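# Coordinate analysis (summary)
Residues per chain, in single letters:
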Amino acid sequence: MSIHTLPSCGLHRCTVTLAMSIALALPAHAQRCVDEEAPDSSLPAMAGTPGAVLSDANAPRLTLQAMVKEAIRRSNAVGAATLLAEAAASEVEEARAARLIQASVSGALGHATTSAKFAETESGGQAQLGINIGAPLYDAGRIASLTGWRTSLSEAARLGQLTAQDQVAFQTVSLALERSRHRQQVRVYQQYARKMACLVEVLDQIVKADRGRTSELVQARKTLQQAELAQSQSVSQVRQAETRLKRFIGDGMPSSEGMTALLLDVPPLAEMQALAARANETIQLQAQAKALESYSQALVAGQKPQLNWLLTGSKAVANNHPAALLAGVSFSMPLINQGADYGIAAAQKRAEAARLQSIDALEARRSRIAEVHEQAASSFDRARQTSAIVRDSNQVRNFTLQQWQQLARRSLFDVMAAEGEHYNLRVNYINALHDGQQASALLRSLGLGISAWLE
């Protein structure tokens with residue numbers, strides 16, 4: 001029976017008959033708009049969500065390890081920090097060598113005149129050679145303090161190198177997760193666009209039978225264009241994330257599959273705050289404060305008696321070949337140095353300031369850990385709650401589509417609203433999951449470092 005020649009009937013009976021006639025007239029492939037594969041199968045799963053099955057995390061973890069190693073190898077910042085650490089280590093050996101025997105040789109060539117009481121004055125060309133050998137006997141701890149100063153600075157430089165490596169590692173991991181986020185969004189918007197394309201195809205068939213529903217076709221096409229626009233924007237964001245990632249790892253771009261199975265746990269807050277005291281940056285600040293304290297002690301020791309043993313000898317050629325030899329002990333001590341006290345006071349104040357800064361930095365780090373811990377826990381809770389809502393939303397949108405498509409009990413606006421809400425919830429789930437992962441990575445970076453977690 002043609003929909004244009006329906007017999008007269010009640011309003012409700014005609015509406016149902018019209019809807020059933022249109023539904024039976026639709027091609028079979030249009031009916032698959034309802035039977036589309038459940039979206040939960042394409043959503044990244046996480047621990048704690050009902051029915052979640054985690055994939056093997058070993059492969060993506062190894063991928064991250066390889067990316068981090070390559071980023072550290074390529075990093076100029078890490079290379080510079082390594083050279084600075086090596087230079088500081090050489091300065092330690094230089095400070096230690098001050099305790100050892102020092103020897104020097106000197107010479108002179110020129111015209112010399114010598115005279116003495118009751119002796120004939122002599123003049124003429126003369127060549128002179130001298131040798132000096134010595135070593136410290138007592139220095140009030142000055143060399144030890146200078147060595148401690150250099151040693152602490154060397155330790156700070158070494159920890160600075162480790163900090164630079166972990167910063168590069170964290171940036172690499174963060175960008176890899178950001179790339180995974182946008183790739184997941186692309187998949188969701190692809191499914192959204194396919195669903196809208198299916199609805200447009202259905203409406204094409206309906207409009208052929210009922211021209212009065214052309215506005216619904218226009219509405220569906222507009223929603224399809226919006227889904228395609230969102231997909232294009234997500235693809236662009238993937239490219240931007242990959243561009244930033246290439247700065248660290250080069251052109252070789254590994255797969256992002258399985259990244260959503262990593263960093264899904266939130267370590268206990270008390271454990272992370274305890275680890276803050278062992279973080280490289282925390283210990284580096286403490287080493288710098290210790291270095292300044294040793295330097296101030298070296299300045300104090302420099303104002304105390306200094307005792308060295310020495311052996312000096314000289315030999316001249318011409319003018320009776322004079323020679324001299326001295327073996328003994330030299331002594332020195334500042335008597336008047338009116339600026340010394342100010343220099344010592346300044347060094348001591350800098351050391352105390354550095355100590356207070358290290359304490360403040362540790363407190364700030366622990367506060368930051370508490371903040372990031374809450375962010376990670378909140379993001380994962382939001383992801384779990386959103387996951388449950390997504391499943392309910394999937395049922396609602398399918399029921400709404402069936403009621404509109406087969407029974408004409410819903411308007412197209414209801415269908416569009418249900419579809420848009422469902423896919424927005426899926427994007428929200430992806431964002432919440434990756435927010436939690438990035439907060440979890442930052443939390444580990446604030447502790448012993450993301451590199452320690454990857455090992």
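The structure displayed is predicted, hence computed values, not measured ones. Per chain, residues are indexed from 1 in the order of the written sequence. Where totals are concerned, whole chains, interfaces and linings use all residues; where local detail is concerned, this predicted model gives features only for residues with pLDDT of at least 70, and gives and counts side-chain atom pairs only at 80 or more. In computing side-chain values, all of the structure's heavy atoms are included and hydrogens and water are not.

### Quick look at the overall build of the protein chain
What counts is decided by this rule: Only DSSP runs of H or I reaching four residues or more are called helices, and only runs of E reaching two or more are called strands; each is numbered from the N terminus. Residues are treated as being in contact if the distance between any of their heavy atoms lies within 4.5 Å. What sets the accessible areas is the Shrake-Rupley method with a 1.4 Å probe; for residues, cover comes only from the shown protein chains.
When its secondary structure is counted, the protein chain shows ten helices and four strands. Overall, the protein chain shows an N-to-C arrangement of helices and strands of α-α-α-β-β-α-α-α-α-β-β-α-α-α. Sequence-distant contacts in the protein chain: of pairs separated by 6 or more residues, those separated by 24 or more amount to 83%. Approximately 24,600 Å² of the protein chain is accessible, and the part contributed by carbon and sulfur atoms is 54%.

### Examining the packing of helix α4 (residues 142-209) against helix α9 (residues 412-446)
In helix packing, the relevant descriptors are the interaxial angle and the interaxial distance, both defined with respect to the helix axes. Test applied: Here the axes come from fitting lines to C-alpha atoms, over the contacting stretch only for helices, and the angles between their N-to-C directions go from 0 to 180 degrees. Here the angle decides the label: under 35 degrees means roughly parallel, over 145 means roughly antiparallel, 65 to 115 means roughly perpendicular, and every other value means oblique. Charged residues are taken to be Asp, Glu, Lys and Arg, nonpolar residues to be Ala, Val, Leu, Ile, Met, Phe, Trp, Tyr, Cys and Pro, and polar residues to be all remaining types, Gly included.
Two elements in contact, α4 and α9, have axes separated by 10 Å at closest approach and are oriented at 170°. Considering the angle they form, α4 stands roughly antiparallel to α9. Taken together, the residues that form the contact of α4 with α9 break down as 17 nonpolar, eleven polar and seven charged.

### Here we look at the nonpolar core
The condition is simple: Put simply, buried Ala, Val, Leu, Ile, Met, Phe, Trp, Tyr and Cys residues joined by side-chain atoms within 4.5 Å make one nonpolar core. We call a residue buried when its accessible area falls under 20% of the maximum for its residue type, exposed when it is over 50%, and partly exposed in between, using a 1.4 Å probe and counting protein chains only.
The biggest cluster of nonpolar side chains holds 24 residues, and the ones touching the most others in it are Leu199, Leu203, Trp404 and Val415. Where this core is concerned, the elements lending two or more residues are α4, α5 (214-249), α8 (340-407) and α9. By residue number, the principal contributor to this core is α4, which donates eleven residues. When near neighbours in sequence (up to four residues on either side) are disregarded, Val415 contacts Leu199, Thr400, Leu401 and Trp404. If you look at the next biggest cluster of nonpolar residues, it comprises 23 residues, including Ala164, Ala169, Leu245 and Met259.

### So, helix α2 (residues 58-74)
Heads up, the rule is: Helices are assigned an expected span. That span is 1.5 Å times one less than the residue count. Relevant arc is that of directions from the helix axis to the C-beta atoms, nothing else.
Over its 17 residues, α2 runs 24 Å from end to end, which matches the ideal 24 Å to within 8%, given 1.5 Å per residue. Of all the residues in α2, the buried ones are Pro60, Leu64, Gln65, Met67, Val68 and Ala71. Viewed end-on, α2 has its buried residues packed into an arc of 165°, placing them on one side of the element. Residues Lys69 and Arg73 are exposed on α2 and point more than 90 degrees away from its buried face.

### A word on unusual backbone geometry
Even without glycine at this site, Ala140 takes up a positive phi of about 60°. Along the chain, the position of Ala140 falls in the loop between β2 (122-138) and α4. The class for Ala140 is partly exposed, based on a relative accessible area of 22%. Phi is positive for Leu263, close to 55°, though the residue is something other than glycine. Assignment of secondary structure puts Leu263 in the loop between α5 and α6 (269-276).

### As for the confidence of the model for the protein chain
Rule in force here: As a per-residue measure, pLDDT reflects the predictor's confidence and takes values from 0 up to 100.
Per-residue confidence for the protein chain gives a mean pLDDT of 84, with 84% of residues at or over 70. Across residues 1-31 the pLDDT falls below 50, and counting only partners more than four positions away or on other chains, this stretch makes 33 contacts in the model. Note on residues 47-55: pLDDT is under 50 here. Beyond four places in sequence and across chains, it has 15 contacts.

### Quick word on the packing of aromatic side chains
What counts is decided by this rule: Geometry of aromatic contacts follows a simple scheme: Phe, Tyr and Trp rings, the Trp one being its six-membered ring, pair when their centres are within 6.5 Å, and the pair is stacked under 30 degrees between planes, edge-to-face over 60, tilted otherwise.
Tallied over the full model, the rule gives two aromatic pairs. A centroid spacing of 4.8 Å and a plane angle of 45° characterise the contact between Trp149 and Tyr295, whose relative ring orientation is tilted. Placement of the pair is Trp149 in helix α4 and Tyr295 in helix α7 (residues 280-301), with a sequence separation of 146 residues. Residue classification places Tyr295 among the partly exposed residues on the basis of a relative accessible area of 30%.

### Quick word on the side chain of Glu242
With respect to the helices, strands and loops of the structure, Glu242 is situated in helix α5. Judged by relative accessible area, Glu242 falls into the buried class, the value being 18%. Filtering out sequence-adjacent residues up to four positions away, Glu242 remains in contact with Arg179, Arg183 and Met253.

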